[in-house]
Every structure is written in structure tokens, then in C-alpha cells.
Amino acid sequence: MSQSYRQIFGDGLWNNNVAMGQMLALCPLLAVTTTATNGLGMGLASMVVLLLTNVIISSIRGIITPQVRIPVLIVLIATVVTLVDMAINALLHPLYKVLGLFIALIVTNCAILGRAESFAAKNGVRLAAADALAMGLGFTWVLIVIGGMREILGSGTLFSHASLLLGDSFAWLEITVIPNYSGILLSVLPPGAFIALGLLIAFKRVVDRRLKSGNTEQLVVPTL
Amino acid sequence: MATVASPSYRQRVSYHAGLLAGICCLVSMLLLIGNMESEEIISDHLEADKQFLLGQVLPAALYDNAPLREIEVLDNINGFTKPVEIAPAMLAGQLSAVVLQSSVGGWGDNIQFIIAADKQGNITGVRVISHKETPGLADGIELDKSDWITRFNGHSLQSLSPSQWAVKKDGGEFDQFTGATITPRAMVNGVHRALEVMAEWQQQQLASQPPREQEQQQPPAAAPATAAPTAVEHQQGVNP
């Protein structure tokens, strides 16, 4: 079960991306991506939780038996999410006001359990940490792209309120793409999320097909 | 079945049970510690948030007490979807304003708001605390999105007749949003109803307050003047 870091990151960022390859975590993805900033916040919070759970589960994988692994993993993930939730609320309260909703939602993110079960429980701590980073980054960029698409079409801005999330030094991120834009309401409403996700998945399929026909050895088989 | 990777004792039910129990114990302790460490800081933050919100609707010059510590909850008030929380703002021991927090039913879900009015019943501020109205259409009730919510400022039950307390579409004084009437209508009705509840509550407070103040002042005053109680009795006898 040895995988190169290159392969891990390739899987996480593109081939076996959480949202586009594994088709997991779609519920938080569709719910929070009304702006690129929300997507970024959700992505970062998921990545932190994923990193912690992967490392913890990988380091105790020796004592977990297959029969009770699911309840053990769920208890650990729920604990980590709750602790992260309390820590951010206590220490970074302004951030919590922006992210608070998303952090609790991470418990319902089946991608975390998916990675714990399929990767961290079978690999060493370093590989598990790399996998968490790769999957987290992959999830984050998809969230930002979908959030960005919906935000530009829906309200004509990009990364609005980013300084609330990242601090005032990131105020330059807030761009008004189309001034005085009334916006396509559909894009901000839930159907807009489905349409944006569908377009992104179709884009990935087209690119993969191109790659495949160009180089027949590079078969892309999404696996969990 | 027993291999180096999974020795035989791990196949037993007691191992599984012990593992689960152990992990649950460990996790409960962690959560307990985390909760103990963060509880106080979080409640301080929440208090500060509430104080900030109060500052948004009530000018600091109007009160010197802590209204958030004197909240009274009124159940089953018509027109609201949640119990009404109402608190007095006092200045130098006198009631100076009333703060009310509750929810009304909007288009999406409950719209939670806070409102304050001075003792003449003029609104000093209204803010929406949380809502789930359609983004882009009906979220103009947020101060971030539009100044609509500030147009309540200064109005009272006297400044507008009951029929004027409505959106323009219904013949009232307040703008609706393009494509969204239900949300502003709910807000206008909620604010109007809140004013009525606050006025009624203020009456009760004022009616119950003077005797309480007299009781507090009586002990020093009653000792020298023994004739005072009979005068009070006399008045009470005449009044009905």
C-alpha cells in the first residue's frame, strides 16, 4: 500500500477529486457556495478537520478492528469537529461568525469518513496527512470555482466579504467584476449550484477524455 | 484467523466492546475539557455580540443599566413566531426606553429582529439578526444590503395611523422590494406589533414601578412622619 506523494496529490486535486471524482460532500458544496468567500471558508475548515482526523485515525489504525471501525471513526470525527468548532468560537470569534455554520456542517461531510475509511485506516501517518492536504485542497478549489461562478453571475462581484474571513490585509481580493449589475437570481438560488457543479463535472470529463485519447496509458479510473 | 496483524484476542467481542468504550471515554473527557476551557470565553463573546447589537438599536446615551440582564420573556403574544423577549433600558433609575427581540414569519423562515423605542414610543432602531429570505430579492432587510431597515427610525404608533403601518402596495408608508412583498410586509407588521406590545408593557411597568420606589423610599421617610400612611389611605378611599 505505498503510494507516491505525486500520485496522492494528483488524485486529490484532479483525478479522484472529492467533489468531481468521488462525488462526495455534495451537500455542503451545493449549500454554501453562494459566494467564492463562503467556498474558501468551507474548504479551509474541511481541510483542517480532514488533516486532524486522518492523522489521528492513521496513528491508531493498529488497534481498530474492522468490525467496529465505523462507529470508532464516526465518534472520532464528530469529536474533532466539535473541538475545532469550540476552539474557533473561543479563539477566533470574528472568523466563527462567518464560518460557524459551515463548521458544524462538516460532521455531515461523508468525504471525511470516506478518506478515514479508505485511506487513513490503511496508510502511515505521513501519507495520511499528505492525502488530507491533497483532498482538502482539491475540495477547496472546486468550492472556490463554483462559488466564484455563482457569485459573478449572481451578483457581479468576486470574493465579497473576504476581508471578514481572512483579515483586512486581504481586502484587495474583493473585486467588483460587473459594476451596477442586477444579477441572475437563478445562479444564487440552489438550482444555480446544481448547474455550476454539472458544468464543472462535464468539463472534467471532457479534459479526461482528451488526455485519454492523447495518451492511452494514462487511464483515469476514479476509485474511492 | 490469528495473524501477527490481528492477534486472536482482537477477535473477541470483549475487545470490541472495550475498544469502543475506551474511545468513548477518552473522547468524552476531551470534549469535557474542551467545553470547560472554552465555555466562558464563548459566552463572553456572545454577550459582547448582544451588547453590540443592542448598541445598534439603542443609543448609549439612553441607558445606564444592563438591559440584557433584565430580560422578561412573554409567551403567546399574537403576531410573533417566537416568545417575545423584552427588556427595560433605564437612565438614572427611570425607564428611558424599551428593547424587544422576537421573530416574525417571513417568506423563507423566521426573521429574527431586535427593536428599541424610547419612552415616547419613537423607534430608535431596528435590526434583523437572522433570516433566510431569498438572497438578491428580499435580503434588503439587512443593513449590509440596503438602508431600508433604517426607515423605521423615528416612527411611532402616533406618527403613522394603523393603516399606514403597511407596505406601499397595501396602501401604507413603507417601500416593498421589487419582486418581494412578503418579506417587507412581515417586517412592517412585526415592527408595528412590536410597538404595540412595547407600549402596553411600558404601561404595566410604569404602573407597577411607583409603588416599588415608594416602598424603597418609605423606611427613612416613614419614621419621622407618622401621619403619612393615613393620608395615603384616605386617598385610596376617595379614588374609587
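Residues numbered from 1 in each chain as written. Chains lettered and ligands numbered in written order. Predicted model: local features only at pLDDT ≥ 70, side-chain atom pairs only at ≥ 80, totals over all residues.

## Points about the overall build of chain A
For chain A, the count of helices and strands is 10 helices and two strands. Shown N-terminal to C-terminal, the secondary structure of chain A runs as helices and strands in the order α-α-α-α-α-α-α-β-α-β-α-α. Along the three orthogonal principal directions, the C-alpha set of chain A runs to about 60 × 55 × 30 Å. Relative to its 224 residues, chain A shows a buried fraction of 42%. Put simply, 76% of the contacts in chain A that link residues at least 6 apart link residues at least 24 apart. (Helix = DSSP H or I, 4+ residues; strand = E, 2+ residues; numbered from the N terminus. Buried ≥ 20, exposed ≤ 12 C-beta atoms within 10 Å, placed from the backbone. Contact = placed C-beta atoms within 7 Å.)

## Focus: the overall build of chain B
The number of helices and strands found in chain B is three helices and five strands. Walking chain B from its N terminus toward its C terminus, one meets helices and strands in the order α-β-β-β-β-β-α-α. Each of the 240 residues in chain B was classed as buried or not, and the buried ones make up 26%. Restricting the contact set of chain B to residue pairs at least 6 apart, pairs at least 24 apart contribute 51%.

## Details of unusual backbone geometry
Note on backbone geometry: most residues besides glycine have negative phi, and most peptide bonds are trans. One non-glycine residue, A:Phe159, adopts positive backbone phi at about 60 degrees. Structurally, A:Phe159 can be placed in the loop between strand S1 (157-158) and helix H8 (162-166). For B:Asn76, which is not a glycine, the phi torsion comes out positive at approximately 55 degrees. You can see B:Asn76 is positioned in the loop between strand S1 (72-74) and strand S2 (84-91).

## Quick look at the interface of chain B and chain A
Contacts between the two partners involve 19 residues from chain B, matched on the other side by 21 residues from chain A. A breakdown of the residues in the side of chain B that touches chain A according to their chemical character gives 12 nonpolar, six polar and one charged. (Nonpolar A, V, L, I, M, F, W, Y, C, P; charged D, E, K, R; others polar.)

## Points about the environment of A:Thr79
Topologically, A:Thr79 is positioned in helix H4 (residues 69-91). Take A:Thr79: there are 22 C-beta atoms within 10 Å of it, and that puts it in the buried class. Separated by 26 residues in sequence, A:Thr79 and A:Thr53 place their C-alpha atoms 9.4 Å apart. Apart from the residues lying within four places of it in its own chain, the contact partners of A:Thr79 are B:Val27, B:Leu30 and B:Leu31.

## Overview of the pairing of strand S4 (residues 110-118) of chain B
Residue and element names in this part refer to chain B. In this structure, strand S3 (residues 94-105) lies alongside S4, joined through nine bridges in antiparallel fashion. Note that in S4 the partner of Val98 across the bridge is Ala117. Where S3 folds back onto S4 in an antiparallel hairpin, the turn is made up of four residues. Alignment of S4 against strand S5 (residues 123-130), held across six bridges, turns out to be antiparallel. (Pairing = 2+ DSSP bridges.)

## A few points about the packing of helix H3 (residues 36-59) of chain A against helix H7 (residues 125-155) of chain A
All names here are of chain A. Two elements in contact, H3 and H7, have axes whose closest approach is 8 Å; the angle formed by their N-to-C orientations is 165 degrees. When the axis of H3 is compared with that of H7, the two are roughly antiparallel. As for how H3 packs across H7, the hand of that crossing is right-handed. (Axes fitted to C-alpha atoms, helices over the stretch in contact; angles between N-to-C directions. Parallel < 35°, antiparallel > 145°, perpendicular 65-115°, else oblique. Left-handed = near helix turned anticlockwise from the far one by under 90°.)

## Let's talk about helix H5 (residues 93-105) of chain A
All names here are of chain A. For H5, spanning 13 residues, the distance from its first C-alpha to its last is 18 Å, which sits close to the expected 18 Å at 1.5 Å a residue. Along H5, the largest kink reaches about 70 degrees and is centred on Leu99. Residues Leu99, Phe102 and Ile103 constitute the buried set of H5. (Expected span 1.5 Å × (residues − 1). Bend = angle between axes of the 7 residues up to and from the residue.)

## Quick word on H3(A)
The end-to-end C-alpha distance of H3(A), which contains 24 residues, comes to 34 Å, matching closely the 34 Å that a straight helix rising 1.5 Å per residue would cover. In terms of burial, H3(A) is a largely internal element, 18 of the 24 residues being buried.

## So, the sheet that holds S1(B)
Residues and elements named next belong to chain B. Taken in spatial order, the five strands line up as S1-S2-S3-S4-S5 in an open sheet, and their pairing is antiparallel. Two strands bound the open sheet, and with one partner strand each, they are S1 and S5. When strand polarity is set aside, the average angle formed by the axes of neighbouring strands in this sheet is 25 degrees. Sheet strands in contact with helix H1 (residues 13-57) are S3, S4 and S5, and its direction is about 140 degrees off that of S5.

## Focus on the confidence of the model for chain A
With 94% of its residues at a pLDDT of 70 or more, chain A shows a mean pLDDT of 85. At the low end of the mean pLDDT range in chain A sits H8(A), at 75; at the high end sits H7(A), at 92. (pLDDT = per-residue confidence, 0-100.)

## Description of the packing of H3(A) against H4(A)
All names here are of chain A. Two elements in contact, H3 and H4, have axes separated by 10 Å at closest approach and are oriented at 135 degrees. What the angle tells us is that H3 and H4 run oblique. For the pair H3 and H4, the sense of crossing is right-handed. On H4, the residues that touch Val48, Val49, Leu52, Thr53, Ile56 and Ile57 of H3 are Leu73, Leu76, Ile77, Val80, Val81 and Val84. Residue composition of the contact of H3 with H4, grouped by class: 11 nonpolar, one polar and no charged.

## Points about the environment of B:Gly93
Residue and element names in this part refer to chain B. On the secondary structure map, Gly93 appears in the loop between S2 and S3. A residue is classified by how many C-beta atoms lie within 10 Å of it, and Gly93, with 11 of them, is exposed. Linking Gly93 and Ser28, residues 65 residues apart in sequence, is a C-alpha distance of 47 Å.

## Considering the pairing of S2(B)
When a strand is regular, its side chains alternate between the sheet's two faces. Residue and element names in this part refer to chain B. Where S1 lies against S2, three bridges are found, and the strand directions are antiparallel. In the sheet register, Glu72 faces S2, and the bridge partner there is Ile86. With seven bridges connecting them, S2 and S3 associate as antiparallel partners. Looking at the pairing, Glu85 lines up with Gln101 of S3.

## As for the nonpolar core
If you look at the biggest cluster of nonpolar residues, it comprises 56 residues, and the most contacted ones within it are A:Ala45, A:Val49, A:Phe139 and A:Ile146. Counting residues per element, the ones that place at least two in this core are helix H2 (26-32), H3, H4, H5, helix H6 (110-120), H7 and helix H10 (190-214) of chain A together with H1 of chain B. With 14 residues, the top contributor of residues to this core is H7(A). If we ignore the near neighbours within four places in the chain, the residues touching A:Val49 are A:Val80, A:Val81, A:Val84, A:Ile106 and A:Ile112. Core analysis: the next-biggest nonpolar cluster, separate from the first, contains 39 residues, B:Leu54, B:Leu58, B:Ile86 and B:Leu100 among them. (Core = buried A, V, L, I, M, F, W, Y, C linked by C-beta atoms within 7 Å.)

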